[in-house]
Amino acid sequence: MVSTALLIIFLVNLFLGTLVFWKNKRSSTNRYLSLFIFSAAGWALGIFALLTKQISNLNFLGKLTFGFATLIPSSLVLFSFVFPKPTRKLTHWGTFVIFAPALVLLASLSTNLLIGDIQIYDGQINPTRGPLYQIFVLYFIVFIIWFFVRLFLKYRIAEGKEKNQINYVFLGILLFAFFAMGTNLILPAFGINQLNSLGPIFSVLMVGSMSYAIIKHRLMDIRMVVAKSITYSFLI
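Residues numbered from 1 in each chain as written. Predicted model: local features only at pLDDT ≥ 70, side-chain atom pairs only at ≥ 80, totals over all residues. Heavy atoms only, no water.

**With respect to the packing of aromatic side chains**
Moving on, step 1. Applying the stated rule across the entire model yields 17 aromatic pairs.
Moving on, step 2. Residues Tyr-139 and Phe-143 carry aromatic rings whose centres are separated by 4.9 Å and whose planes lie at 55° to one another, so their mutual orientation is tilted. Placement of the pair is Tyr-139 and Phe-143 together in helix H5 (residues 133–157), with a separation of 4 residues, close to one helical turn.
Moving on, step 3. Its relative accessible area of 6% is what places Tyr-139 among the buried residues. (Phe/Tyr/Trp six-rings, centres within 6.5 Å; stacked < 30°, edge-to-face > 60°. Helix = DSSP H or I, 4+ residues; strand = E, 2+ residues; numbered from the N terminus. Buried < 20%, exposed > 50% of the residue type's maximum accessible area, 1.4 Å probe, protein only.)

And the structure:
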């Protein structure tokens, strides 16, 4: 049941991310949002592959899954700089600085500093956590808070359609982050792994909120007929 839900979530996020990217692939807003959605999709696919043991090398799958999750906070912070419209030009150096923690953590996946061996017991994923895991938790929490603070400040000065767009993006990602961080970040930090396969499933809350914003408030300027297909494909 959980593995089926993860596969569906992967396909829905893949579709939404592709739609956002190809709508305007030259737009930094579309690129950063699609990177976030693709990262969430990859995270779901990785956990699905772990639970169903699609390949025998579970350690590789586990590190690949962590790699996708590592991209989520940085991509969200970058998105907050350009959504609903850029407030100031983000230089290449600024972009690099925001991505630097993710790059360091990604590089650490070639070792056992972040996670080591992966074991699966009764649908429960049990990674061996290395000395950098607490840094990973800190990075995730700080960047997610940074994203919401920036979006909240933009919400306070926005008007009309932009205010509505921020509202639904904020709500959808807040619900997703709250539940996913609880099951896959906070509880595992205390050795509780029973729910750590559920995190990506909560992205359904984000997809639902964004789909509504696309249809009702023309989020990302995606045409209504295409947006309806997102909602329909998810309901199936």
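**Some details on the packing of helix H4 (residues 92–108) against H5**
Moving on, step 1. The geometry of H4 relative to H5 is characterised by a closest axis approach of 11 Å and an angle of 155° between their N-to-C directions. Put simply, H4 runs roughly antiparallel to H5. Relative to H5, H4 is oriented so that their crossing is left-handed. Residues Ile-98, Pro-101, Ala-102 and Leu-105 of H4 pack against Phe-136, Tyr-139, Phe-143 and Trp-146 of H5.
Moving on, step 2. Per-class residue counts for the contact of H4 with H5 are 8 nonpolar, no polar and no charged. (Axes fitted to C-alpha atoms, helices over the stretch in contact; angles between N-to-C directions. Parallel < 35°, antiparallel > 145°, perpendicular 65-115°, else oblique. Left-handed = near helix turned anticlockwise from the far one by under 90°. Contact = heavy atoms within 4.5 Å. Nonpolar A, V, L, I, M, F, W, Y, C, P; charged D, E, K, R; others polar.)

**Description of the nonpolar core**
Moving on, step 1. With 64 residues, the main nonpolar core has Phe-36, Leu-114, Phe-136, Phe-147 and Ile-173 as its most contacted residues.
Moving on, step 2. Listing elements by their share of this core, those giving two or more residues are helix H1 (2–23), helix H2 (28–52), helix H3 (58–82), H4, strand S1 (115–121), H5, helix H6 (160–189) and helix H7 (203–217).
Moving on, step 3. Considering each element in turn, this core owes the most residues, 13 residues, to H2.
Moving on, step 4. Setting aside chain neighbours within four positions, we find Leu-114 in contact with Phe-66, Leu-105, Ser-108, Leu-109, Thr-128, Arg-129, Gly-130, Leu-132, Tyr-133 and Phe-136. (Core = buried A, V, L, I, M, F, W, Y, C linked by side-chain atoms within 4.5 Å.)

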